[in-house]
Amino acid sequence: MGVRAVKFGGTSLASASQIRKCMDIVQAHPDRKYVIASAPGKRSADDEKITDLLYQLYEQRSGDYAHTWSKICLRFTEIAEDLGVDASKVDSALGEIDSHLGPDTSVDYCASRGEYLNAMIIAAHLGWSFIDAAEVVRFSDSGEFLAEETNDLLGEALRTHDHAVIPGFYGATPSGEIKTFSRGGSDVTGALVARATQASVYENWTDVSGILTADPRIVDNPLPIPRISYTALRQLTYLGASVLHENAIYPVRRANIPTHIRNTNQPQDPGTWIQGEPFAGSSLADASPATPQKMIGLAGRTNCLALTVRKVQWSGSLGVGAQLLNLFDEARIAVDLVVTSVDSWTFIFRGDTSTKESVMAKIGSLDPDSMEVRENLALVGVVTTGTLPRAKTTSAINQSLAEAGIDVFLDSSAESMHVVAVDSLRYEDAVRSIYSVLT
Ligand code: ADP
Ligand code: ASP
Ligand code: MG
C-alpha cells in the first residue's frame, strides 16, 4: 500500500462541517495516512481567519487582549464541541497558551497556535496520533529552516505512526523556540511530510479546483490547468500566483513526488497534477520552433518598485553590474527583474519606502549621475509552453494593453516568460486584458 500526504488549507478546515468534509475525504482512501492541518480560515467573506486574529493577539499581548482571545477560544471550542472532541482537552490547551501570553511571547509562537490547536482537535476526532511540528520541523537558532534535519526527524517520527495529524506552518529551534514559515506555509509542511514519508502523492486540498490559468478573484471563471510541470508552476508562483506556497515545490520536486491540488468542496473535480519534466504542460517541453507558444497561465503582484540608476560610460565597464547587484544583496533585497540599457540599469523588486531608502543609500556610494524610483508598480507575467517563437505572444500582450489604455513601464521577455510592469492601479485591468487576448 502507498502513502499519501494530505494537506488541508484554512477554508477547508474553517468549521466543524468543513472538517467533516475533509475527514470523509481522508477516510475514502486507505493511503491517506498523514494529514497536515492549517488553522481555521474564513467561513464566509466577512469572517476572520484565526491566524490573522493570532497576529492581532500578539500586538495586544502586553495589554488588553481578552476580546481577541475570547473570539479565538470560541472558534475552537465550537469546533471541538460540534465534532464531539473532549472539551476538557481543548480547554486545557487553551489555558496553557493563555498562561504563556505576555510581553515576552514571540510573534511566531502566537501565530502558530491556530495550526497547533486545529491539528490537535482533528487528531482527537480521528483517533489518530498528534505529532507536534515543534518536535519534527527544525529551524536553526537564527531562524533558518533546516531541510535535512527536518527530513530525518520527520521520517523517524512518522515511521512509528501508521496514521498521524501534523500541524502545518511552524517548527522549532533545538531549544524549543517556535518559528513559522511565511504566510501560507502549511503548504511547505505538507511537502516536507510527503518527502519524509516517500509518499506516492502530495495531495493539497483547497477551495478551488486546482491551479487556474489566472487568479479567480480577478478573472471570471478562468480555465483550469489539468497538468503543469514544477518548473512552470515555480514561474507562476514566483510571479505571484498564491494558490501554493513557493517553497512547497522544492521538497517534493527533488523527491520526484507529484502534487495534486484538489477542491475540498468539489472532490469529484480532476484538480491539477504537478510533476517533474518532461511532459506536456511543461514550460520547456514542446520547444520546437514550429509549435506556437501557448499560455500556460498568468499571474502577477502589486507593491513593486523600480529603481533606475544611470552613469555615463557605465555600459561596457566591467564589474558594474556585479557591484550593483551586490549592493542589493547587502540591503537584503531580492531583485525580481533587471533591465539594462546604455549607461542605465533598472531593478524591479518588492518593498516599501524603507527598502527603497536603504538600497539608494548604498548605491549612492557609487556616485551615479542619477537615481530614479518609480513606486506602486505591478508585475504581470505570462508563462508559456516552449521558448520560441515568441514575437506573436509579446505583440498580443502589448497590443491588448495599448487597447486598454494601459501604459507599460517596461517589459521583459525571455525563455518561457513574458513580464510587463504597469501602474498598480491598472493591475487588474492588465490581467483581464492579457487573459482575454491569450485564451
Ligand atoms: P488554502 O487556505 O487552502 O491554503 P489559499 O487561500 O492559500 O488556500 O489558496 C487558494 C486561493 O488562491 C484560491 O481561493 C484563489 O482565490 C487564490 N488564487 C490566486 N491565484 C490562483 C490561481 N492561479 N489558481 C487558483 N487559485 C488562485
Ligand atoms: N495559517 C497560516 C496562514 O494563514 C498558514 C497557512 O494557512 O498555510 O498563513
Ligand atoms: Mg494556502
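Right above here is the structure, for reference.
What counts and how
- Residues numbered from 1 in each chain as written.
- Chains lettered and ligands numbered in written order.
- Predicted model: local features only at pLDDT ≥ 70, side-chain atom pairs only at ≥ 80, totals over all residues.
- Heavy atoms only, no water.
- Helix = DSSP H or I, 4+ residues; strand = E, 2+ residues; numbered from the N terminus.
- Rg over C-alpha atoms; globule rule 2.2 N^0.38 Å.
- Buried < 20%, exposed > 50% of the residue type's maximum accessible area, 1.4 Å probe, protein only.
- Contact = heavy atoms within 4.5 Å.
- Lys, Arg positive; Asp, Glu negative; His and termini not counted.
- Charge placed at Lys NZ, Arg CZ, Asp CG, Glu CD.
- Axes fitted to C-alpha atoms, helices over the stretch in contact; angles between N-to-C directions.
- Left-handed = near helix turned anticlockwise from the far one by under 90°.
- Nonpolar A, V, L, I, M, F, W, Y, C, P; charged D, E, K, R; others polar.
- Near = heavy atom within 4 Å.
- Polar contact = N/O pair within 3.5 Å; in protein donor to acceptor, adjacent residues only side chain to side chain.
- Areas by Shrake-Rupley, 256 points an atom, 1.4 Å probe, with all protein chains shown as cover.
- Parallel < 35°, antiparallel > 145°, perpendicular 65-115°, else oblique.
- Expected span 1.5 Å × (residues − 1).
- Arc of directions from axis to C-beta.
- 1 Å grid on protein atoms, 1.4 Å probe; cavity = no way out; pocket = protein on both sides within 12 Å on 5 of 7 lines; lining within 4 Å.
- Points joined across faces, edges and corners; volume = space filled by probe spheres on them.
- Phe/Tyr/Trp six-rings, centres within 6.5 Å; stacked < 30°, edge-to-face > 60°.
- Lys NZ or Arg CZ within 6 Å of the ring centre and 35° of its normal.
- Pairing = 2+ DSSP bridges.

> Would you mind going over the overall build of the protein chain with me for this structure?
Assigned secondary structure in the protein chain consists of 14 helices and 16 strands. In summary, the protein chain has a C-alpha radius of gyration of 24 Å against a globular reference of 22 Å for 439 residues, a match within 12%. Looking at the protein chain as a whole, 53% of its 439 residues are labelled buried. Across the protein chain, the fraction of contacts at a sequence separation of at least 24, relative to all contacts at a separation of at least 6, is 75%. Averaged over its 38 positive side-chain charges, the protein chain has a centre that lies 5 Å from the centre of its 54 negative ones.

> Got a minute to help me understand the packing of helix H7 (residues 147-159) against helix H8 (residues 186-196) in this structure?
Helix packing geometry: the angle between the two helix axes and the distance between the axes. One way to put it is that H7 packs onto H8 with a least axis distance of 9 Å and a crossing angle of 65 degrees. Crossing handedness for the pair H7 and H8: right-handed. Along its contact with H7, which presents Ala147, Glu148, Thr150, Asn151, Leu154, Gly155 and Leu158, the element H8 presents Leu192, Val193, Arg195 and Ala196. By residue class, the composition of the contact of H7 with H8 is 6 nonpolar, 3 polar and 2 charged.

> In this structure, what is going on with the site of ligand 2? I would like to understand it.
Ser38, Lys49, Thr51, Glu115, Phe169, Arg183, Gly184, Gly185 and Ser186 make up every residue found near ligand 2. Within the side chain of Thr51, a nitrogen or oxygen atom sits 2.7 Å from a nitrogen atom of ligand 2. Take Glu115: an N or O atom from its side chain is 2.6 Å from a nitrogen atom of ligand 2. When ligand 2 sits alone it has 260 Å² of accessible area, and the protein chains cover 94% of it.

> Would you explain the site of ligand 1 in this entry?
Taken together, 15 residues lie near ligand 1, and Lys7, Gly10, Thr206, Asp207 and Leu212 sit nearest. One of the backbone nitrogen or oxygen atoms of Gly10 is found 3.1 Å away from an oxygen atom of ligand 1. About the coverage of ligand 1: the protein hides 84% of its 570 Å² of free accessible area. Class assignment of the residues belonging to the shell around ligand 1 gives a composition of 6 nonpolar, 5 polar and 4 charged.

> So what exactly am I meant to see when it comes to the packing of helix H2 (residues 50-60) against helix H5 (residues 107-126) here?
At a minimum axis distance of 8 Å, the contact between H2 and H5 shows a crossing angle of 150 degrees. The orientation of H2 with respect to H5, classified from their angle, is roughly antiparallel. As for the relative orientation of H2 and H5, their crossing is right-handed in sense. Listed contacts from H5 to Ile50, Thr51, Leu54, Tyr55 and Tyr58 of H2 are Val107, Cys110, Ala111, Arg113, Gly114 and Glu115. The residue makeup of the contact of H2 with H5, split by class, is 7 nonpolar, 2 polar and 2 charged.

> Please clarify how helix H12 (residues 353-364) should be interpreted in this entry.
Every α-helix winds through 3.6 residues per turn, so residues three or four apart in the chain are directed the same way. The end-to-end C-alpha distance of H12 is 16 Å, a good match for the 16 Å that 12 residues give at a rise of 1.5 Å each. Listing the buried residues of H12 in full gives Thr355, Lys356, Val359 and Ile363. All buried residues of H12 project into a common sector of 95 degrees when viewed along the axis, lining one side.

> So what exactly am I meant to see when it comes to empty space enclosed by the protein here?
Empty space among the atoms can be located by rolling a probe the size of a water molecule over them. By the definition in use, this model includes 2 cavities of 30 Å³ or more. For the largest cavity, the calculated volume is near 50 Å³. Looking at the largest cavity, the residues that line it are Thr394, Ile397, Asn398, Asp411, Ser412, Ser413, His418, Val419 and Val420. Of all elements in the fold, only helix H13 (391-403), strand E15 (410-414) and strand E16 (417-423) reach the threshold of two or more residues within the lining of the largest cavity. The residue inventory of the lining of the largest cavity, partitioned by class, reads 3 nonpolar, 5 polar and 1 charged. There is about 40 Å³ of room inside the second largest cavity.

> Mind showing me how you'd approach the packing of aromatic side chains here?
Applying the stated criterion across every chain yields a total of 8 aromatic pairs. Centroid distance Phe328 to Phe347: 4.6 Å. Interplanar angle 40 degrees. Geometry classified as tilted. Note that Phe328 is positioned in helix H11 (residues 320-330) and Phe347 in strand E13 (residues 344-350), a separation of 19 residues in sequence. By relative accessible area, Phe328 is classed as buried at 1%. Classification of Phe347 by relative accessible area gives buried; the value is 0%. Pairwise contacts between aromatic rings join Phe328, Trp345, Phe347 and Phe349 into one cluster. Positioned above the aromatic ring of Tyr58, the side-chain terminus of Arg61 is 4.0 Å from the ring centre. Taking NZ or CZ as reference, Arg113 lies 4.4 Å from the ring centre of Tyr116, over its face.

> Even after reading the chapter, I still don't get the sheet that holds E13, so can you show me in this structure?
Hydrogen bonding along the main chain pairs the strands of a sheet, whether they run parallel or antiparallel. A sheet is described by the order of its strands in space; here 6 strands give the open sequence E12-E13-E11-E14-E16-E15, paired in antiparallel fashion. Two strands lie at the open edges of the sheet, namely strand E12 (335-341) and E15, each paired on one side alone. In this sheet, adjacent strand axes meet at a mean angle of 25 degrees when their direction is disregarded. Where strand E11 (residues 295-310) meets strand E14 (residues 370-384), 12 bridges bridge the pair, whose relative direction is antiparallel. Its bridge partner lying in E14, Arg301 is registered against Leu379. Contacts from H13 reach E14, E15 and E16, with the element oriented near 15 degrees to E16.

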